[in-house]
Amino acid sequence: MPLAKIFSRISLLATLTVAALLSVSAHAMKIKQQNLEQLVATSESIIIGQVSSVTDGFQNGAPYTEVTIRVGSDAKGKVKEDSEYTFRQFGLIKPRSMGNGKVYLGVTPEGFAKWNEGEQVVAFMYKKAEMTGFQTTTGMAQGKFIVSNDKATNAFNNHGLFEGMDTSSLSAEEQNMVTNPGAISAATFVGLVGKLVEEGK
């Protein structure tokens, strides 16, 4: 094959790879805001547990971060308690040296949830992608809450979490949480999630 043709194909491949990465990043930047009701309704499972491992790699040439959560409970009852739930989301944890002097820059796009070992989380998991099997949290980073000191917070400090919801039937404790959404009581939050799951059945 002529050298010019080889370079042309390499250039095309590089262009397509960059275009794919930009497409994912652009998609992440256009995250539609979802309130808690919507997060509950569109999640396949809602896992409460501890992140036990975070690794990354390539699957059929696509970069991924693999996350395993030791499951305490699943508000939707789809995942067994005391089991391990593992999923892969698009993008590496950090840029990776390819050993040929080049560095692969396909990290997890902005707007996706980021994961760390040892975190206590409430993870609203969206269904797996049919083509790749990759999976994200529902609403991207909106759907991952870190629980610390009995407070639950997502990457947006819970901004918009209760916006547009009918809160007339909530308890006084839940009403207080809704009107002060910053770092919210994890126990009250999980209780409200359970109530919304039941109402949605």
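Thresholds applied
Residues numbered from 1 in each chain as written. Predicted model: local features only at pLDDT ≥ 70, side-chain atom pairs only at ≥ 80, totals over all residues. Heavy atoms only, no water. Helix = DSSP H or I, 4+ residues; strand = E, 2+ residues; numbered from the N terminus. Buried < 20%, exposed > 50% of the residue type's maximum accessible area, 1.4 Å probe, protein only. Polar contact = N/O pair within 3.5 Å; in protein donor to acceptor, adjacent residues only side chain to side chain. Contact = heavy atoms within 4.5 Å. Core = buried A, V, L, I, M, F, W, Y, C linked by side-chain atoms within 4.5 Å. Phe/Tyr/Trp six-rings, centres within 6.5 Å; stacked < 30°, edge-to-face > 60°. Lys NZ or Arg CZ within 6 Å of the ring centre and 35° of its normal. Axes fitted to C-alpha atoms, helices over the stretch in contact; angles between N-to-C directions. Parallel < 35°, antiparallel > 145°, perpendicular 65-115°, else oblique. Nonpolar A, V, L, I, M, F, W, Y, C, P; charged D, E, K, R; others polar.

K.L.:
Would you mind going over the side chain of Glu119 in detail, with residue names and values included?
P.N.:
As for its position among the elements, Glu119 is in the loop between β5 (103–104) and β6 (120–125). Residue Glu119 is classed as buried on the basis of its relative accessible area, which comes to 12%. From its side chain, Glu119 meets the backbone nitrogen of Asn116 in a polar contact 3.1 Å long. Leaving out residues up to four positions away in the same chain, Glu119 has contacts with Gly49, Gln50, Val51, Lys114, Lys144 and Ile146.

K.L.:
Give me the lowdown on the nonpolar core, citing residues and values where you can.
P.N.:
The nonpolar side chains of soluble globular proteins are, as a tendency, buried together. Core analysis: the largest hydrophobic core is formed by 21 residues, its most contacted members being Leu36, Phe124, Phe162 and Phe189. Among the elements of the structure, α2 (36–42), β6, α3 (172–179) and α4 (186–199) are those that each provide at least two residues to this core. When residues of this core are assigned to their parent elements, the largest contribution, 6 residues, is made by α4. Residues Val51, Val79, Tyr85 and Phe87 belong to the second largest nonpolar core, which totals 14 residues.

K.L.:
Go over the packing of aromatic side chains, please, and point to the residues and values.
P.N.:
Applying the stated criterion to the full structure yields 7 aromatic pairs. Measuring from ring centre to ring centre gives 5.1 Å for Phe58 and Tyr104, while their planes differ by 85 degrees; the resulting arrangement is edge-to-face. Of the two residues, Phe58 sits in strand β1 (residues 45–59) while Tyr104 sits in strand β5, which places them 46 residues apart along the sequence. With relative accessibility at 30%, the residue Phe58 sits in the partly exposed group. One cation-aromatic arrangement involves Lys144 over Trp115; the distance from NZ or CZ to the ring centre is 4.8 Å.

K.L.:
For the packing of α3 against α4, give the residues involved together with the corresponding values.
P.N.:
Look at α3 against α4: their axes get within 10 Å of each other, and the N-to-C directions meet at 105 degrees. With respect to their mutual orientation, α3 and α4 come out roughly perpendicular. Taking contact as the criterion, the partners of Glu173, Glu174 and Met177 in α3 are, on α4, Thr188, Phe189, Leu192 and Lys195. Here the contact of α3 with α4 is built from residues that sort into 3 nonpolar, 1 polar and 3 charged.

Keep in mind these numbers describe shape, not what the thing actually does.
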